[in-house]
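What the coordinates show
In case you want the letters, here they are:
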Amino acid sequence: MEELLIDKTHDEARQGEAFAPESHSLEKFSKHFYIESYGCAMNFADSEVVASILQSEGYGATTDATLADLILINTCSIREKAEQTVRNRLSNFKGMKKQRPGLVIGVLGCMAERLKAAFLEEEKLVDIVVGPDAYRSLPSLIEEASTGQKAVNVLLSRDETYADISPIRLNSNGVNAFVSIMRGCNNMCSFCVVPFTRGRERSRNAHSIVQECEALFNDGYREVTLLGQNVDSYHWIDEHTGETVTFARLMEMVALISPLLRVRFSTSHPKDITDEVLFIMKQYENICNYIHLPVQSGNTRVLQMMNRTYSREWYIAKVDRIREILPDCGLSTDMIAGFCTETEEEHKDSLSLMEYCRYDLAYLYFYSERPGTLAARRFEDDVPLDVKKRRLQELVDLHRIHSLESMQKDVGKTFRVLIEGYSKKSEDDLYGRNDQNKVIVFPKENYKKGDYVMVEVHDCTAGTLIGKVIPPTP
Ligand code: SAM
Ligand code: SF4
Ligand code: F3S
């Protein structure tokens, strides 16, 4: 097993599936595109920007690749396995291209940025290669490709945020939506390819973010997740008023749209999350009490090699502070097992940090060397694969105990739940999430998607709380 993943923002189950909005019926458009997305929530959000750009060019989305004039894969480079998945998927499209020579195939996203024109040499069936900052050039690239030429644009930008583009929601339940608030990353974590594939960090115009969230609320959406690789370093200056908008202020602006609009965010870098953010979370009931705070390792020497800029003790102090200000805050993390030179003792520090933090959720990976990163250039990837996998399994096993414990602690409690849809297992049940991001399943009765209900929990599994709605007292 490479990793353990559960959750909307990181949901592997959604990887590679293609989505299309109901409004894009086949009859309505003369040309169609099919888009598959991989990687983080930001890539999924980008696919919705791409869908909007293509819709302006007369393309409708389809979930059936055999009906498409244009097939796009929005790719991820974070680990070797992610890139392998994309290569396998591309080889599946080979047959289709042979049968329909006019079909245009494009690769978007982080792998396109990492490999650039070399992609066209490696994967001969690809016609277009477009990096994350170049989606506005898609229409001209498609035109170029339709004449039989290969088309590439992988220019990274210092200011592109797609602020003026209204994303077309591709996989919408009409209740929750992702909203990108920034792009790129200025941190140089030594293991990470993102600064190379996404470029410099830049913050999106705060007013355009608020407008997008307001429009979503008016369309019936009840939850927005503000997205960035490092949301706490969001920083935007209003040219007209000179006002500086920090992440805390931005959250406040979004929270003020309506108390019925829930606000979530991801991801927080431990070095940047401030007390100001924690106090804003405390002040507004509709800002959810849940923080994804990736630690990566529990050992200070390894953290230094990772260039995370904090120590084990510093991270622990941050967790203590979160729990002091927000005692019932849900907490999740990312960890990497078997980073370069990690010893058995240092791995045990990751386990003991986990014991201390008792995360509600953890996304656990073994180290995968990425070409061009600081770690690839400076350090030897010297932990054998079987050792990495064994260490990962130990993290997974320990986390299972903690997540079950965390679920069991909630049995008997009552939570306010935003209903997101039918439970996967039965149309007689609905599901939603509580403030702390835990999934709760309960009998449908007369409730519906988008409603807020109070649910009393009477049972749980390792990943789900099970309960019953408590009707409001008349
Ligand atoms: N920006 C976030 C942060 O600061 O933690 C997350 C970035 S990345 C999209 C998500 C996670 O992938 C990271 O937190 C890290 O645990 C994992 N990851 C990144 N590079 C990796 C690598 N080379 N090998 C294994 N896991 C990696
Ligand atoms: Fe990668 Fe670090 Fe930036 Fe996260 S903060 S995207 S791990 S470089
Ligand atoms: Fe992957 Fe790029 Fe996101 S590398 S995790 S899709 S920023």
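Moving on to the pattern of salt bridges. Summed over all chains, the structure comprises 40 salt bridges. The partner of Arg202 in a salt bridge is Asp133, with the nearest N and O atoms 3.0 Å apart. With Arg202 in strand β10 (residues 202-203) and Asp133 in the loop between β6 (128-130) and α5 (138-146), this residue pair connects regions lying 69 residues apart in the sequence. The residues Arg202 and Asp133 share a single accessibility class, namely buried. Here Glu252 makes a salt bridge to Arg249, at a shortest N to O gap of 3.3 Å. One end of the pair is Glu252 and the other is Arg249, both in helix α8 (residues 247-255) and three residues apart, which spans about a single turn.

On to the site of ligand 2. Close to ligand 2 lie Cys185, Asn187, Cys189, Phe191, Cys192, Val194, Pro195, Gln229, His269 and Arg308, which account for all nearby residues. Looking at side-chain class alone, the shell around ligand 2 contains six nonpolar, three polar and one charged residues.

Glancing now at the sheet that holds strand β11 (residues 223-227). The three strands are arranged β8-β11-β14 in an open sheet whose pairing can be described as parallel. Each edge of the open sheet carries a strand with a single partner, namely β8 (176-180) and β14 (262-266). Recorded for the sheet is a direction-independent mean angle of 25 degrees between the axes of neighbouring strands. Pairing geometry for β8 and β11, over five bridges, is parallel. Each bridged residue has a counterpart across the sheet, and for Asn176 the counterpart in β11 is Glu223. Where α8 meets the sheet, its contacts fall on β11 and β14, and the angle it forms with β11 comes to roughly 160 degrees.

Put simply, helix α7 (residues 206-218) and α8 touch, their axes get as near as 9 Å, and they point 30 degrees apart. Considering the angle they form, α7 stands roughly parallel to α8. For the element pair α7 and α8, the recorded crossing hand is right-handed. Taking contact as the criterion, the partners of Ala206, His207, Ile209, Val210 and Cys213 in α7 are, on α8, Leu250, Met253 and Val254. Classifying every residue of the contact of α7 with α8 gives seven nonpolar, one polar and no charged.

Mapped onto the elements of the fold, Asn230 is located in the loop between β11 and β12 (235-237). On the basis of relative accessible area, Asn230 is assigned to the buried category, the value being 2%. Discounting chain neighbours no more than four positions away, the residues touching Asn230 are Met182, Asn187, Glu201, Thr267, His269, Lys271 and Asp272.

Once that is clear, we can look at the domain arrangement of the protein. Under the domain assignment used here, the protein contains domain 1 (17-153), domain 2 (176-408) and domain 3 (414-469). Taking only C-alpha atoms, the centre of domain 1 and the centre of domain 2 are 29 Å apart. Taken residue by residue, the interface counts 16 residues in domain 1 and 18 residues in domain 2. When the buried surface of domain 1 facing domain 2 is broken down by residue, Met42, Arg79 and Arg114 rank first, second and third, together holding 35% of it. Applying the counting criterion to the domain 1 and domain 2 interface returns five salt bridges. At the junction of domain 1 and domain 2, the tally comes to eight residue pairs in polar contact (both at pLDDT 80 or more). With five residues, helix α1 (residues 41-56) is the single largest residue contributor to the side of domain 1 that touches domain 2.

Considering all chains together, one arrives at eight aromatic pairs under this definition. Ring centres of Phe247 and Phe265 lie 5.4 Å apart, and the angle between their planes is 75 degrees; on these two criteria the pair is classed as edge-to-face. Separated by 18 residues along the polypeptide, Phe247 in helix α8 and Phe265 in strand β14 bring together distant segments of the chain. Overall, the relative accessible area of 1% leaves Phe247 in the buried class. Three or more aromatic residues joined by ring pairs form one cluster here, namely Phe191, Phe339, Tyr367 and Phe379. Directly above the aromatic system of Tyr452 lies the positively charged group of Arg416, at a separation of 4.0 Å from the ring centroid.

Looking now at helix α9 (residues 275-283). What α9 keeps buried is the set Val277, Leu278, Ile280 and Met281. Down the axis of α9, the sector holding all buried residues measures 160 degrees, keeping them to one side. In α9, those exposed residues whose orientation departs by more than 90 degrees from the buried face are Lys282 and Gln283. The elements touched by buried residues of α9 are α8, β14, β15 (290-292) and α11 (312-325).

Spatially, the five strands close up into a barrel ordered β18-β19-β20-β22-β21, and their pairing is mixed. Recorded for the sheet is a direction-independent mean angle of 55 degrees between the axes of neighbouring strands. By the bridge criterion, five bridges tie strand β21 (residues 452-460) to strand β22 (residues 464-469) in an arrangement that is antiparallel. Its bridge partner lying in β22, Asp459 is registered against Ile466.

Reading guide: rules and limits
Each residue is numbered by its place in its chain's sequence as written, counting from 1. Numbering of ligands from 1 and lettering of chains from A proceed in the order in which they are written. In keeping with the model being predicted, local features are shown solely for residues with a pLDDT of at least 70 and side-chain atom pairs are shown and tallied solely at 80 or more, while totals for entire chains, interfaces and linings include all residues. The basis for the side-chain values is all heavy atoms of the structure; hydrogens and waters are excluded. Think of a salt bridge as a Lys or Arg side-chain nitrogen and an Asp or Glu carboxyl oxygen that are within 4 Å of each other. The helix count covers DSSP runs of H or I at least four residues long, the strand count covers runs of E at least two residues long, and both are numbered beginning at the N terminus. When a residue's accessible area, from a 1.4 Å probe over protein chains only, is under 20% of the maximum for its type it is buried; when over 50% it is exposed; and in between it is partly exposed. Near is defined per residue: the residue qualifies when any heavy atom it owns lies within 4 Å of the molecule or strand. Residues are grouped as follows: Ala, Val, Leu, Ile, Met, Phe, Trp, Tyr, Cys and Pro are nonpolar; Asp, Glu, Lys and Arg are charged; every other residue, Gly included, is polar. Two strands are counted as paired when DSSP detects at least two bridges linking them. Only the stretch in contact is used when a helix axis is fitted, and all axes are lines through C-alpha atoms; the angle between N-to-C directions ranges over 0 to 180 degrees. Residue contacts are counted whenever heavy atoms from the two residues lie within 4.5 Å of one another. Here the word oblique covers every angle except those under 35 degrees (roughly parallel), over 145 (roughly antiparallel) and from 65 to 115 (roughly perpendicular). Helix crossings get a hand from a simple test, with the near helix turned counterclockwise from the far one by less than a right angle marking a left-handed crossing and a clockwise turn marking a right-handed one. Just so you know, the domain bounds were taken from an automatic or database domain assignment. Defined in terms of a 1.4 Å probe, buried area is the accessible area two parts forfeit on being brought together, summed over both. As used in this structure description, the phrase polar contact means that two N or O atoms lie within 3.5 Å; if the pair is within protein, one of them must be able to donate a hydrogen and the other to accept it, and residues adjacent in sequence are counted only when both atoms belong to side chains. Classification of ring pairs rests on two measures: the distance between centres of Phe, Tyr or Trp rings, Trp counted by its six-membered ring, which must be within 6.5 Å, and the angle between planes, read as stacked under 30 degrees, edge-to-face over 60 and tilted in between. Over a ring means this: the NZ of a Lys or the CZ of an Arg is within 6 Å of the ring centre and within 35 degrees of the ring normal. Regarding the arc, it is the one traced by the directions from the helix axis to the C-beta atoms.

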